[in-house]
Amino acid sequence: MTRREEREHIFKLLFLIEFYGKEELEQQEQLYAEELAGAKEKDRSYIQEKYERIKEKLPQIDELLGSVSKGWRTERMGKVELTLLRLAVYEMKYDDDIPVGVAINEAVELAKTFGGDGSPAFINGILAKLV
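In what follows, the accompanying structure is described. (Residues numbered from 1 in each chain as written. Predicted model: local features only at pLDDT ≥ 70, side-chain atom pairs only at ≥ 80, totals over all residues. Heavy atoms only, no water.)

## Examining the overall build of the protein
Helix and strand content of the protein: six helices and zero strands. Written out in order from the N terminus, the α and β elements of the protein read α-α-α-α-α-α. Its C-alpha atoms give the protein principal-axis dimensions of about 40 × 30 × 25 Å. By the burial criterion, 44% of the 131 residues in the protein qualify as buried. Look at the contacts in the protein between residues 6 or more apart in sequence, and 70% of them connect residues 24 or more apart. Of the roughly 7300 Å² that the protein leaves accessible, carbon and sulfur atoms contribute 49%. Charge-centre separation for the protein: the mean point of 20 positive side chains lies 5 Å from the mean point of 26 negative side chains. (Helix = DSSP H or I, 4+ residues; strand = E, 2+ residues; numbered from the N terminus. Buried < 20%, exposed > 50% of the residue type's maximum accessible area, 1.4 Å probe, protein only. Contact = heavy atoms within 4.5 Å. Areas by Shrake-Rupley, 256 points an atom, 1.4 Å probe, with all protein chains shown as cover. Lys, Arg positive; Asp, Glu negative; His and termini not counted. Charge placed at Lys NZ, Arg CZ, Asp CG, Glu CD.)

Below is the structure:
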């Protein structure tokens, strides 16, 4: 599995957070893990571990996003955009294996796939303020 594919799975898992309470989220995570059953163990492990690390950092990430997104509180952002920003900010600030430019580019590419017409520009604009 490529890093892009792994990142997409992490995005999908993070996206679940916006829709489910704690108990339901755990069930949804398990269901998603079953979908990944055919993937290699190292890929499943990477996805799960990175997802858990991002979840732990969400308060710090959201605070950082709030400080640079003037006029756009995280509660007002689209769920796709917020999820992509969270993933990218984590990679930029907490994941030394991912270059900042790669984190931004990958978030913009995912925004083209999963977001609306203005999503890539919005994502790029917010993340540029963090560089």
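Having seen the model, we can carry on.
## Here's the deal with the nonpolar core
Among the nonpolar cores identified, the biggest contains 39 residues, and Ile54, Leu85, Ile123 and Leu127 are the most heavily contacted of them. For this core, the secondary structure elements donating two or more residues are helix H1 (3–16), helix H2 (22–35), helix H3 (41–68), helix H4 (79–94), helix H5 (100–114) and helix H6 (119–128). In this structure, Leu85 is in contact with Leu65, Met77, Phe122, Ile123, Ile126 and Leu127, ignoring residues within four places of it in sequence. (Core = buried A, V, L, I, M, F, W, Y, C linked by side-chain atoms within 4.5 Å.)

## Concerning the packing of aromatic side chains
For any two aromatic rings, the description comes down to two numbers: the centre-to-centre distance and the angle of the planes. Across all of its chains, the model carries four aromatic pairs by this definition. Measuring from centroid to centroid gives 5.8 Å for Phe11 and Phe15, while their planes differ by 35°, and the two rings are tilted. One end of the pair is Phe11 and the other is Phe15, both in helix H1 and four residues apart, which spans about a single turn. The exposure class assigned to Phe11 is buried, which follows from its relative accessible area of 3%. Ring geometry for Phe11 and Phe114: centres 4.9 Å apart, planes at 40°, overall tilted. With Phe11 in helix H1 and Phe114 in helix H5, this pair connects stretches of sequence that are 103 residues apart. By relative accessible area, which is 28% here, Phe114 ends up partly exposed. (Phe/Tyr/Trp six-rings, centres within 6.5 Å; stacked < 30°, edge-to-face > 60°.)

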